[in-house]
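The residues making up each chain are set out below.
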Amino acid sequence: MIKKVSKTEAIKAKMAREGKVTSLNSPRHISAIASMNKQLETVRREYQTKDRNSQIEANKVILTA
Amino acid sequence: MNINIYITSIKKGKNLIKFLLMDEFNINEVNSKNLFKQYVKPSFDNFKDETYILAETEYVDKVYRDSYYHYYSSKLPNYKRNCIRLSFFEGKISDTDFRDKNKYKKLQQKYRGFIVLRPTDPFIIGRSIISPLLLKNNNFTVCVSKFHTTVYGLKFTVKGFPHSSQDTETISCAETSLWAIMEYFSNKYSDYQPLLPSKITNTLRQMSSERQIPSKGLSISEMSYALKEFGFGARIYSKREYGKEFESLLSCYVESGIPIIVTVDDEENIAHALLAIGHIKVENSKIDAMWPHTNSSIEHILQSKNIKIYDFDTINKDFIFIDDNQPSYQRASLNEPTIHYSAEWHKCKITHFIVPLYTKIYLEAYEAKNYILEFLTTGPEPLIDNSTVLLRTFLASSRSFKHEISKNETMQDDLKSLIIESAMPKFIWITEISTKELMKNKMANGLIILDATQKIIYSNKPLIIAAYQEKLILFDEKSGILQSNVLTLPRFQIFEHNLNNFEI
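Residues numbered from 1 in each chain as written. Chains lettered and ligands numbered in written order. Predicted model: local features only at pLDDT ≥ 70, side-chain atom pairs only at ≥ 80, totals over all residues.

Engineer: What is the right way to look at the overall build of chain A in this model?
Structural biologist: Helix and strand counts for chain A stand at two helices and two strands. The order of α-helices and β-strands along chain A, N terminus first, is α-β-α-β. For 65 residues, the compact-globule estimate of 2.2 N^0.38 gives 11 Å, and the C-alpha radius of gyration of chain A, at 24 Å, exceeds that figure by more than 25%. When its C-alpha atoms are laid out on the principal axes, chain A stretches across 65 × 40 × 20 Å. (Helix = DSSP H or I, 4+ residues; strand = E, 2+ residues; numbered from the N terminus. Rg over C-alpha atoms; globule rule 2.2 N^0.38 Å.)

Shown next, in the form of structure tokens:
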């Protein structure tokens, strides 16, 4: 008999048995994730602009000293 | 042709160097004296008083030899092909030690690296690897790699960061920085190849509209392009674009153990490249002096919930630089990176940095850090009201992180198993959640691990696992739904293995 030593399944099963698990798919959670996504959309747009402009600026500086 | 060997204490280093420059490079006495004072003495002054020097003539240095064949040999003056190598030992040595097999181990324990002197008057400081252990003041943590070398016939190893001065003809600050980065990475990881000056020239040939030698320097874009060609996923960050977040992003990458190319500029005549490779040890007073994070997008949430978030990367600390105009391991603040130069340099500010990322790190620091902030403030399991937390975010290889977690006796057992048994990419983003008081003791009480290969930051796609404030958050494998579990997480030791500690 091969002995399985990994513990993840047992840990998760124990938490479920003890009623410690909550699925984060209630309307409140979904709303929070949607709100987070909206903020991250702004972060992504800001990043794309900063990234592009950083590259444009990088063309102008010659390092010699 | 014979190799001449000399051994002396660093206290008599001036006489030895003067003699070698006169005897080997045919430099007159006055110039030899000046060269020592201007270029060699600043390094020697940083070394411990008990240092001994072993000098070897007729040394074939791979970097100078490349410059010699591709440039110096075509000039009228008769440049020598060979160099002088100065090897350093902490403590007294004698020539007989090198022929006594019982003394070999002791010599290795004393060995602290080398400096090559090139026959390129006045820019004579060539390739060097100096162990921070040789320095009088080494209360810092930096990236280092292990280098193999020989001294007087015996093999030695030394841990340090590569350094060279520019010769201004084949290599300027830009090429020297590229060389040092590649020398470091190629010694540390098999994915990368070491670099010689001619390889840089050849790599950039297609981009260049003018002759490349003698060197007139490189643009930031050219440096980034070269890094890309040498196997990195290079990223450029500009101070003008990233504003007040620029320094914390720079700090985040340094904390990740990635040497980065920093550019300084006085907006007039000076534009210079150097490497940031670490920082001085953070004192408790610096942690106390931190200000809470201000981020316009989450400011209203922080205020309404009375949450204070401190960012470890905003700690006011000096960084350690490899600068080809200065001795190895130069320390300076990000606000005054050239304070140790002459007055004309003092107006210089850091304008850009280039990060040589592993090619499959698709999630970079700006997005990763913002994701963490959003997750902790507006996510499905936000920080509880009135929380005060200190966040320390860095990249690490999942191998190193799991290795250290496995050995970490302070880590809660269930979380340890869950982390070690989680499938992870080669690199992960880690945010340790702590407090000022815990961080002073190098402890945290929460962490978030992100997939650094996940470019999509929406719907918690980068999240691998999070544990903080009695919660364990991870995806259910079957349903794909994010789940929150109850988990009490005692404080645990933070991960400090991206940068090496040298103080003894």
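Engineer: Looking at this structure, I do not really get the sheet that holds strand 18 (residues 427-434) of chain B. What am I missing?
Structural biologist: Strand pairing within a sheet occurs via backbone hydrogen bonds; the two strands may be parallel or antiparallel. Strand order across the open sheet formed by eight strands is 1(A)-23(B)-22(B)-21(B)-20(B)-18(B)-17(B)-13(B), with mixed pairing between neighbours. Both outer strands of the open sheet, strand 1 (21-23) of chain A together with strand 13 (308-311) of chain B, are each paired with one neighbouring strand and no more. For this sheet, the mean inter-axis angle between neighbouring strands, taken without regard to orientation, is 20°. Both strand 17 (residues 388-397) of chain B and strand 18 of chain B contribute to a ladder of eight bridges, which runs antiparallel. Note on strand 18 of chain B: the bridge partner recorded for Arg-392 of chain B is Glu-432 of chain B. Strands in contact with helix 13 (residues 398-407) of chain B are strand 17 and strand 18 of chain B; relative to strand 17 of chain B, the strand with the most contacts, it is inclined by about 120°. (Pairing = 2+ DSSP bridges. Axes fitted to C-alpha atoms, helices over the stretch in contact; angles between N-to-C directions. Contact = placed C-beta atoms within 7 Å.)

Engineer: Mind showing me how you'd approach unusual backbone geometry here?
Structural biologist: Generally, phi is negative for residues other than glycine and the peptide bonds are trans, each holding for most cases. Residue and element names in this part refer to chain B. Residues Asp-121 and Pro-122 are joined by a peptide bond in cis, for which omega reads 10°. Turning to its location among the elements, Pro-122 is positioned in the loop between strand 4 (111-117) and strand 5 (125-130). Between Ile-213 and the following residue, Pro-214, the backbone shows a cis peptide bond with an omega angle of 0°. Within the secondary structure, Pro-214 sits in the loop between helix 6 (197-203) and strand 9 (218-219). Its identity as a non-glycine residue notwithstanding, Tyr-329 has a phi of 60°, on the positive side. Relative to the elements of secondary structure, Tyr-329 occurs in the loop between strand 14 (319-322) and strand 15 (330-332). Although it is not a glycine, Asn-460 adopts a positive phi angle of roughly 60°. Structurally, the position occupied by Asn-460 is in the loop between strand 20 (446-451) and strand 21 (463-468). In this structure Asn-460 comes out as buried when scored by C-beta crowding, with 23 C-beta atoms within 10 Å. (Buried ≥ 20, exposed ≤ 12 C-beta atoms within 10 Å, placed from the backbone.)

Engineer: Teacher, can you tell me more about the packing of helix 1 (residues 13-25) of chain B against helix 2 (residues 29-46) of chain B here?
Structural biologist: A packed helix pair is summarised by two numbers, namely the angle formed by the two axes and the spacing between the axes. Residues and elements named next belong to chain B. Contact geometry for helix 1 and helix 2: axes closest at 9 Å, N-to-C directions at 130°. Here helix 1 lies oblique to helix 2, going by the angle between them. In this structure, helix 1 crosses over helix 2, and the sense of that crossing is right-handed. Mapping the contact onto sequence places Gly-13, Lys-14, Ile-17, Lys-18, Leu-21 and Met-22 in helix 1 and Glu-29, Ser-32, Lys-33, Leu-35, Phe-36, Val-40 and Phe-44 in helix 2. Looking at the contact of helix 1 with helix 2 residue by residue, the classes come out as seven nonpolar, two polar and four charged. (Parallel < 35°, antiparallel > 145°, perpendicular 65-115°, else oblique. Left-handed = near helix turned anticlockwise from the far one by under 90°. Nonpolar A, V, L, I, M, F, W, Y, C, P; charged D, E, K, R; others polar.)

Engineer: Is there a simple way to think about the packing of helix 2 (residues 27-58) of chain A against helix 12 (residues 365-378) of chain B in this case?
Structural biologist: Contact geometry of helix 2 of chain A with helix 12 of chain B gives a least axis separation of 10 Å together with a crossing angle of 155°. By the angle between their directions, the pair helix 2 of chain A and helix 12 of chain B is classed as roughly antiparallel. Here the hand of the crossing between helix 2 of chain A and helix 12 of chain B comes out right-handed. Here helix 2 of chain A contributes Ala-32, Ser-35, Met-36, Gln-39, Leu-40, Val-43, Arg-44 and Tyr-47 of chain A to the contact with helix 12 of chain B, which in turn contributes Tyr-366, Glu-367, Asn-370, Tyr-371, Glu-374, Phe-375 and Thr-378 of chain B. Residue composition of the contact of helix 2 of chain A with helix 12 of chain B, grouped by class: eight nonpolar, four polar and three charged.

Engineer: How should I be thinking about the interface of chain A and chain B in this particular structure?
Structural biologist: How big an interface is tends to be stated in terms of the accessible area lost upon association of its parts. The interface of chain A with chain B comprises 35 residues on the first partner and 49 residues on the second. Residue contributions to the side of chain A that touches chain B peak at 18 residues, all from helix 2 of chain A. The residue inventory of the side of chain A that touches chain B, partitioned by class, reads 15 nonpolar, 15 polar and five charged. The pairing of strand 2 (residues 62-63) of chain A with strand 9 of chain B spans two bridges and is classified as antiparallel. Across the sheet, Ile-62 of chain A pairs through a bridge with Ser-219 of chain B, a residue of strand 9 of chain B.

Engineer: Got a minute to help me understand the domain arrangement of chain B in this structure?
Structural biologist: Residue and element names in this part refer to chain B. Taken domain by domain, chain B consists of domain 1 (1-165), domain 2 (193-280 + 317-358) and domain 3 (365-501). Each partner contributes residues to the interface: domain 1 has 22 residues there, and domain 2 has 16 residues. Of all the elements in the fold, those that place two or more residues in the side of domain 1 that touches domain 2 are helix 2, helix 3 (62-70), strand 5, strand 6 (140-142) and strand 8 (154-163). When residues of the side of domain 1 that touches domain 2 are assigned to their parent elements, the largest contribution, five residues, is made by helix 3. For the side of domain 1 that touches domain 2, the class distribution of residues is 10 nonpolar, 10 polar and two charged. (Domains from an automatic or database assignment.)

Engineer: Mind showing me how you'd approach the sheet that holds strand 3 (residues 83-90) of chain B here?
Structural biologist: Residues and elements named next belong to chain B. Taken together, seven strands build an open sheet; the order of strands is 1-2-3-4-5-8-7 and the sheet is antiparallel. Only two strands of the sheet have a single neighbouring strand rather than two, namely strand 1 (5-9) and strand 7 (145-151). The sheet shows a mean angle of 30° between the axes of neighbouring strands, taken without regard to direction.

Engineer: Just checking my understanding: could you explain helix 14 (residues 413-420) of chain B for this structure?
Structural biologist: For the α-helix, the turn length of 3.6 residues means that residues three or four positions removed from each other point alike. Taken as a whole, helix 14 of chain B has its buried residues at Asp-414, Leu-415, Leu-418 and Ile-419 of chain B. For helix 14 of chain B, the buried positions fall inside an angular range of 130° around the axis, keeping them on one side. Lining the buried residues of helix 14 of chain B we find helix 1 (8-17) of chain A together with helix 13 and strand 21 of chain B. (Arc of directions from axis to C-beta.)

Engineer: Please clarify how the nonpolar core should be interpreted in this entry.
Structural biologist: The tendency in soluble globular proteins is for nonpolar side chains to be buried side by side. Residue and element names in this part refer to chain B. Counting 162 residues, the largest nonpolar core has Met-223, Ile-260, Leu-275, Ile-354, Ile-428 and Leu-450 as the members making the most contacts within it. Considering every element that reaches this core, the biggest residue donor is helix 5 (residues 173-188), with nine residues. Discounting residues that sit within four places of it in the chain, Met-223 has contacts with Ala-174, Leu-178, Leu-218, Ile-261, Ala-273 and Ile-354. (Core = buried A, V, L, I, M, F, W, Y, C linked by C-beta atoms within 7 Å.)

Engineer: Help me understand the confidence of the model for chain B, please; the structure alone is not making it clear to me.
Structural biologist: Atom-level detail of predicted coordinates should not be read off regions where pLDDT is low. When pLDDT is averaged across chain B, the result is 95; 100% of the residues are at 70 or more. Reported for the predicted complex are a pTM of 0.96 and an ipTM of 0.96. (pLDDT = per-residue confidence, 0-100.)

Engineer: I'm lost on the pairing of strand 18 of chain B in this one. Help?
Structural biologist: For a regular strand, the rule is simple: side chains alternate between the two faces of the sheet. Residue and element names in this part refer to chain B. Along strand 18, eight of the eight residues are buried, which leaves the element largely enclosed by surrounding structure. The side-chain alternation of strand 18 yields two buried faces, one formed by Phe-427, Trp-429, Thr-431 and Ile-433 and the other by Ile-428, Ile-430, Glu-432 and Ser-434. Bridge analysis of strand 18 against strand 20 gives six bridges, and the strand direction is antiparallel. Counterpart to Ile-430 in the pairing with strand 20 is Ile-449.

Engineer: Explain the pairing of strand 3 of chain B here, please?
Structural biologist: Residue and element names in this part refer to chain B. The buried fraction of strand 3 is high, at seven of eight residues. As paired strands, strand 2 (residues 51-59) and strand 3 are joined by seven bridges and run antiparallel to one another. From the neighbouring strand, Leu-54 faces strand 3, where its bridge partner is Ser-87. As paired strands, strand 3 and strand 4 are joined by five bridges and run antiparallel to one another. When the bridges of strand 4 are listed, Phe-89 appears paired with Tyr-111.

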